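Structural overview for review
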Amino acid sequence: MLDVAKIRADFPILADEAYPGVPLVYLDSAASSQKPLAVIEAMNQYYRHSNANVHRGIHRLSEEATNAYEGARERIARFINAPDSAEVIYVRNATEAFNLVAATWGRANIGPGDEILLTEMEHHANIVPWQMVAQEKGATVRYVPFAADGTLDLTALPQLLTERTKIFSFTAVSNVFGTINPVTELVAAAKAVGAVTMVDAAQSVPHMAVDVQALGCDFLAFSGHKMCGPTGIGILYGKRHLLEAMPPYMGGGDMIRRVTLEGSTWNELPWKFEAGTPSIAEGVGLGTAVDYLNTVGMNNIHAHEQLLTSYALEALRDVKGLTLIGPPATQKGSVATFTLQGVHPHDIAELLDKDGIAIRAGHHCAMPLHHKLRVPATARASFYLYNTTQEIDQLVQSLEKVRKVFRLA
Ligand code: C6P
């Protein structure tokens, strides 16, 4: 059991009011989480006392900055149980990780007639970069369908996953349905046909223990800002032999071994993929976020979120005209996505905001998913380690107010 009151005290923003006299109820962590004081302070301390460029200087500050930045990488690698921190590439966010793999591994390995397999529940970050490389190379993108309950229809997998499939890239947890997909099983199925695998862990790494060796995936992507860390930093994990064989993504400083007027050679991993001065303070911040999550315990966080999600789904069921989207609480991460008959999700979010409640409304960067559901948008409340059942009660009360404003019977 988490001591949520103690955890809340770690997050300064949660003590703020949304509007004068209206406390903040933050139910939008799937979009971006709040940051604990430890992370804010680590970045503050870095800028106050250790700021310099990394990997370049011989002076004390540069060494200190390099140690802080590279030390964070080591801890992030341990957090996902990567065998080697050289397989942990700093990127800006999960989106950049997909673009990097599609543009480098994809361009080098995908050709005419090849297939890229995704699922219908992917975030645009795991669709668009593959469509771009498919178009360039004359390859085809195929999709594993989802069933009415928001789980993947795996009966379709044997027809879709074939020797033509070069890569199977799929989300571990859907940001709309919340569905927790059977990652190990999907990776094994892809391996059986010789396909490479990439896991979108943007909604799993912040919420549950993730072990890349146990999953067996080739690539895995996530963002720092959804896991108590800062914006501007994310991770691409990749198996060494694949990363070694890939051409670099961007060219410039830090990613080279030698440059002559005739040509260049590349630095070793992970720096081959990290051109230019990186997001140093953000790397330090993400390292501290990982320390913070470890202290609370990922299993404790997951258990707390499961309680919140089942509580929320139960409570929301009583709101007349509300339709929940996605599987039951036991099969999903910490989101409650819904529509309310007769009210556009944007109007719901706007009215909830007047009560200080922050949720997300829209297509959540998953337009194909919404298209298949035949709804333009949904409303989504999402929960993290600092949320409480009282906040969910407030959400439900506020939704009842929305029904009154719209004079729903
Ligand atoms: N989803 C949401 O509100 P970036 O923007 O690169 O940090 O993360 C992209 C991304 C990739 N995959 C999944 C499953 C995601 O949920 C996200 C981000 C946010 O659902 C913002 S659109």
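Up top is the structure these notes are about.
So, here is what we can say about the structure in this document. None of these values were measured; they are calculated from a predicted model.

Here we look at empty space enclosed by the protein
In this structure the tally under the stated criterion is one cavity of 30 Å³ or more. Approximately 60 Å³ is the volume attributed to the largest cavity. Around the largest cavity, the lining residues are A30, V173, S174, N175, G178, Q203, H207, G333, S334, V335, S382 and F383. Looking at the lining of the largest cavity residue by residue, the class counts come to four nonpolar, eight polar and no charged. Both domain 1 (4–30 + 297–405) and domain 2 (40–295) contribute no fewer than three residues apiece to the lining of the largest cavity.

Considering the sheet that holds strand β16 (residues 360–362)
If you trace the four strands from one edge of the open sheet to the other, you get β13-β14-β17-β16, paired in antiparallel fashion. Every other strand in the sheet has two partners, leaving β13 (322–325) and β16 as the edge strands with one partner each. Across the sheet, the axes of successive neighbouring strands diverge by a mean angle of 30 degrees, strand direction being ignored. Inspection of the sheet shows strand β14 (residues 335–340) paired to strand β17 (residues 378–382) by four bridges, in the antiparallel sense. Note that in β17 the partner of T337 across the bridge is R380. Against the sheet, helix α12 (residues 345–354) contacts β14, β16 and β17, and its axis sits at roughly 160 degrees relative to β16.

Quick look at the sheet that holds strand β6 (residues 140–144)
The seven strands are arranged β4-β10-β9-β8-β7-β5-β6 in an open sheet whose pairing can be described as mixed. The outermost strands of the open sheet, each flanked by one partner alone, are β4 (88–91) and β6. For this sheet, the mean inter-axis angle between neighbouring strands, taken without regard to orientation, is 20 degrees. In the sheet, strand β9 (residues 219–223) pairs with strand β10 (residues 234–238) via five bridges, with the strands oriented antiparallel. By the bridge assignment, F219 is partnered in β10 with G238. Strands in contact with helix α7 (residues 183–192) are β7 (165–171) and β8 (196–200); relative to β7, the strand with the most contacts, it is inclined by about 175 degrees.

A look at the site of the ligand
The immediate surroundings of the ligand are formed by 17 residues, with T95, D200, Q203, S223 and R360 found nearest. At 3.4 Å, a backbone N or O of A94 approaches an oxygen atom of the ligand. Measuring from an oxygen atom of the ligand, one finds a side-chain N or O atom of N175 at 2.8 Å. For the ligand, the accessible surface in isolation is 510 Å², of which the surrounding protein chains cover 90%. Looking at the shell around the ligand residue by residue, the class counts come to five nonpolar, eight polar and four charged.

Quick word on the pairing of β8
Among the five residues in β8, five count as buried, and that is most of the element. Neither face of β8 is left uncovered, since the one carrying V196, M198 and D200 and the one carrying T197 and V199 both have all their residues buried. Following the chain from β7 across α7 to the adjacent parallel β8, one finds a crossover that is right-handed. Summarising the sheet, β8 and β9 pair through three bridges and their orientation is parallel. The residue bridging V199 from the neighbouring strand is L220, located in β9.

Here's the deal with the environment of H207
Tracing the sequence through the fold places H207 in the loop between β8 and α8 (212–215). Since its relative accessible area comes to 6%, H207 is described here as buried. The residues contacting H207, other than those within four sequence positions of it, are M298, I301, H302, E305, S334, F383 and Y384.

Things to note about α12
Within the span of α12, buried status applies to P345, I348, A349 and L352. For α12, the angular spread of the buried residues around the axis is 95 degrees, confining them to a single face. In α12, the exposed positions that point more than 90 degrees away from the buried face belong to E350 and K354. At the C-terminal side of α12, G356 shows a positive phi close to 85 degrees.

What counts as what
- Residues numbered from 1 in each chain as written.
- Predicted model: local features only at pLDDT ≥ 70, side-chain atom pairs only at ≥ 80, totals over all residues.
- Heavy atoms only, no water.
- 1 Å grid on protein atoms, 1.4 Å probe; cavity = no way out; pocket = protein on both sides within 12 Å on 5 of 7 lines; lining within 4 Å.
- Points joined across faces, edges and corners; volume = space filled by probe spheres on them.
- Nonpolar A, V, L, I, M, F, W, Y, C, P; charged D, E, K, R; others polar.
- Domains from an automatic or database assignment.
- Pairing = 2+ DSSP bridges.
- Helix = DSSP H or I, 4+ residues; strand = E, 2+ residues; numbered from the N terminus.
- Axes fitted to C-alpha atoms, helices over the stretch in contact; angles between N-to-C directions.
- Contact = heavy atoms within 4.5 Å.
- Near = heavy atom within 4 Å.
- Polar contact = N/O pair within 3.5 Å; in protein donor to acceptor, adjacent residues only side chain to side chain.
- Areas by Shrake-Rupley, 256 points an atom, 1.4 Å probe, with all protein chains shown as cover.
- Buried < 20%, exposed > 50% of the residue type's maximum accessible area, 1.4 Å probe, protein only.
- Right-handed = clockwise from strand over helix to strand, strands pointing away.
- Arc of directions from axis to C-beta.

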